[in-house]
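Listed here are the chains, written in short residue letters.
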Amino acid sequence: MENINWEKIRDEAIEKLVGYIRINTSNPPGNEIEGARYLKSFFDKEDIEAKIFESAPKRGNLKAILKGDGSSPPIILLNHIDVVPVEREKWDVDPFEGKIIDGYIYGRGTIDMKSMAIAELMAMLILKRTNISLKRDIIFLATAGEETGGELGAKWMLDKDPSLLEAAMVFNEGGGIVVKENGEISHYEISLAQKEVFQFTLKAYGTSGHASMPHSDNPNVKLVKALNRLVSWETPFNIIPIVKEFFANIGKNMSDEEKPNYMDIEKGLKDVSFRKKITKNLVYNAMLRNTISLTVLSAGTKVNVIPSEASAEIDCRLIPGTDRDRWIKTIKEIIDDESIEFKAGMQSTKGIISPADGEGYKAIYEIAQKMDPGAVVTPFLSVGATDSRYFREKGIPCYDFEPLKLTLKEALLIHGNNERVSVENLGFASRFMYEVVKKVATS
Ligand SMILES: [Zn+2]
């Protein structure tokens, strides 16, 4: 084992994270250039090649490369510089101060995802300092605009810098280490895919008039009736192999009574009380089926006027591989009103699933066993979207895993108030990233 003082590494990571939290990269406006400059300073200090790419004024992306001998293709350590905005008055502390209270670093971005960026940075710095010979280039890629779709970050970088396409794999946020409320580790989950975005608008037309004389051609009424049918529809389960495997894996930690239901989730879901319990968990529910969220309603401007049109915007998240033509056909059947106009909106490309037997997955698995012997490690389907989709589209496998041990309560602080991460977690994450990167870059 190399001579690494992990306590010192942890303290260095804390200092770097606190500094990073102090740079307000709330998106909008992002101002990621400041974050990119901050991270670049550490690479510069230790003679690691690093360059900033500005995709729009003040929207900075950073690429740093630790050179290997080139006998294997590069790997990418991906992270995003921007964070979501804060409701400042709802925080107990300044979200951009990086205050440490009772072993926790508070601040916007501590979980999503400045801690992982610092862990990736530390992994690069340790590899450089210990002078380990590498078979691959290790690319640290910090991007802009992830929280608003990645157009100025990951997507832009892939368009501008074709050398990124040579990468054999990407490590990014997505999964993590799930801890039970009693502090025991439940499992490590590595996200290999994400659901597909499919949005559409429904529009009803009718005859305007005075509210004092109601008639049967009121677009609001037509739309509300159609929407009622749509939101009352329980979408069918569609269980893909990685989801089946996920439930079978987490089932290992369940009581003897519940185990069989998890081990064979399709069978388990036929049990009414189990189905109720599982679908109450919003993440599990979304992993098992296509979901429909009614998000925007627009109709009418004055209480005594019947308008001539009304519209609703709907956000669906589809299980990878869903046939979209069939989905649209089914939606129209459920709405069951041909007078209502259906207009497709934003759609993501087809969801691609990275391989669970890939080198990156295996490396995370092995390091998990080393750090937490006997840990359950499982593939996972992300219900939200990350920058990984741009890399998967280009055929590059992505292993979405943030090595932070979080209880459900802590994980829910992502994008929330008083977001925080324990200093222990940051130390662990730095070591974990180092071990994983060393594994794939030397063996
Ligand atoms: Zn994120």
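Residues numbered from 1 in each chain as written. Predicted model: local features only at pLDDT ≥ 70, side-chain atom pairs only at ≥ 80, totals over all residues.

Below, the discussion takes up the overall build of the protein chain. On a plain count of helices and strands, the protein chain comes out with 15 helices and 17 strands. Over its C-alpha trace the protein chain gives a radius of gyration of 24 Å, about what one expects of a compact globule, namely 22 Å for 443 residues. In terms of overall dimensions, the protein chain has a C-alpha envelope of 80 × 55 × 45 Å along the principal axes. Counting over 443 residues, the protein chain shows a buried share of 43%. Relative to all contacts within the protein chain whose residues are 6 or more apart in sequence, the contacts with residues 24 or more apart total 79%. (Helix = DSSP H or I, 4+ residues; strand = E, 2+ residues; numbered from the N terminus. Rg over C-alpha atoms; globule rule 2.2 N^0.38 Å. Buried ≥ 20, exposed ≤ 12 C-beta atoms within 10 Å, placed from the backbone. Contact = placed C-beta atoms within 7 Å.)

Moving on to the sheet that holds strand β5 (residues 104-106). Within the open sheet, the three strands sit side by side as β4-β5-β17. Their pairing is antiparallel. Of all the strands in the sheet, just β4 (100-101) and β17 (420-422) have a single pairing partner and so form its edges. Sheet topology note: the β4/β5 ladder contains two bridges and is antiparallel. Residue pairing in the sheet places Ile100 in a bridge with Ile105 of β5. Where helix α3 (residues 110-129) meets the sheet, its contacts fall on β5 and β17, and the angle it forms with β17 comes to roughly 45°. The strands that helix α15 (residues 423-442) touches are β4, β5 and β17; relative to β17, the one it contacts most, it runs at about 70°. (Pairing = 2+ DSSP bridges. Axes fitted to C-alpha atoms, helices over the stretch in contact; angles between N-to-C directions.)

On to the environment of Pro320. Inspection of the secondary structure puts Pro320 in the loop between β13 (309-318) and α11 (324-335). For the pair Pro320 and Lys350, spaced 30 residues apart in sequence, the C-alpha separation works out to 6.7 Å. What Pro320 contacts, discounting residues up to four positions off in sequence, is Ala193, Lys195, Glu196, Ile240, Gly351 and Ile353.

Each assigned domain of the protein chain is listed with its residue range as follows: domain 1 (6-177 + 355-367 + 377-442) and domain 2 (196-347). Once you take the C-alpha centre of each, domain 1 and domain 2 turn out to be 33 Å apart. Considered class by class, the residues forming the side of domain 1 that touches domain 2 number six nonpolar, one polar and no charged. (Domains from an automatic or database assignment. Nonpolar A, V, L, I, M, F, W, Y, C, P; charged D, E, K, R; others polar.)

Helix length check: helix α2 (residues 32-45), at 14 residues, gives a terminal C-alpha distance of 20 Å against a target of 20 Å (1.5 Å per residue), a fit within 8%. Of the residues making up α2, those classed as buried are Glu32, Ile33, Gly35, Ala36, Leu39, Lys40, Phe42 and Phe43. Elements that come into contact with the buried residues of α2 comprise α1 (6-21), β1 (49-56), β2 (59-66), α3 and β6 (138-143). Within two residues after α2, Asp47 carries a phi angle of roughly 60°, on the positive side. (Expected span 1.5 Å × (residues − 1).)

Attention shifts here to the nonpolar core. Core analysis: the biggest nonpolar cluster contains 96 residues, and Met122, Met124, Ile138 and Val437 have the highest contact counts within it. Element by element, the count of residues in this core is highest for α3, at 13 residues. Looking at this core, you find at least three residues from each of domain 1 (6-177 + 355-367 + 377-442) and domain 2 (196-347). If we skip the residues at most four places from it in the chain, Val437 touches Leu77, Ala123, Leu127 and Ile138. Formed by 11 residues, the second largest nonpolar core is a distinct cluster that contains Phe198, Leu223, Ala312 and Ile340. (Core = buried A, V, L, I, M, F, W, Y, C linked by C-beta atoms within 7 Å.)

This part covers the packing of helix α12 (residues 359-371) against α15. Relative to each other, α12 and α15 sit at 130°, their axes nearing to 9 Å. If you check the angle between α12 and α15, you find them oblique. For the element pair α12 and α15, the recorded crossing hand is right-handed. Where α12 abuts α15, its residues Glu359, Gly360, Ala363, Ile364, Glu366, Ile367, Lys370 and Met371 lie against Phe432, Glu435, Val436, Lys439 and Val440. Classifying every residue of the contact of α12 with α15 gives seven nonpolar, one polar and five charged. (Parallel < 35°, antiparallel > 145°, perpendicular 65-115°, else oblique. Left-handed = near helix turned anticlockwise from the far one by under 90°.)

Quick look at the packing of α1 against α3 now. Two numbers describe how α1 lies on α3: the axes approach to 10 Å, and their chain directions differ by 135°. Viewed along their axes, α1 and α3 adopt a mutual orientation that is oblique. Where α1 crosses over α3, the two elements pack in a sense that is right-handed. Seen from α1, the contacting residues are Ile9, Ala13, Lys16, Leu17, Tyr20 and Ile21; seen from α3, they are Thr110, Lys114, Ser115, Ile118, Ala119, Leu121, Met122 and Ile126. Tallied by class, residues from the contact of α1 with α3 come to 10 nonpolar, two polar and two charged.

Our focus in this paragraph is α3. Side chains three or four residues apart in an α-helix point the same way, a direct result of the helix having 3.6 residues per turn. The element α3 is extensively covered by neighbouring structure, given that 18 of its 20 residues are classed as buried. Among the residues trailing α3, Asn131 stands out with phi positive, at a value near 60°.

This paragraph deals with unusual backbone geometry. Pro28 follows Asn27 through a cis peptide bond whose omega is 0°. Its location among the elements puts Pro28 in the loop between α1 and α2. Following Asp112, the chain continues into Met113 via a peptide bond in cis, with omega recorded as -20°. Assignment of secondary structure puts Met113 in helix α3. Backbone geometry at Asn31 places phi at a positive 50°, although glycine is not the residue there. For Asn31, the location among the structural elements is in the loop between α1 and α2. For Asn31, a count of 20 C-beta atoms within 10 Å puts it in the buried group. The phi dihedral of Asp336 falls on the positive side, at around 55°, and the residue is not glycine. Within the fold, Asp336 resides in the loop between α11 and β14 (341-347).

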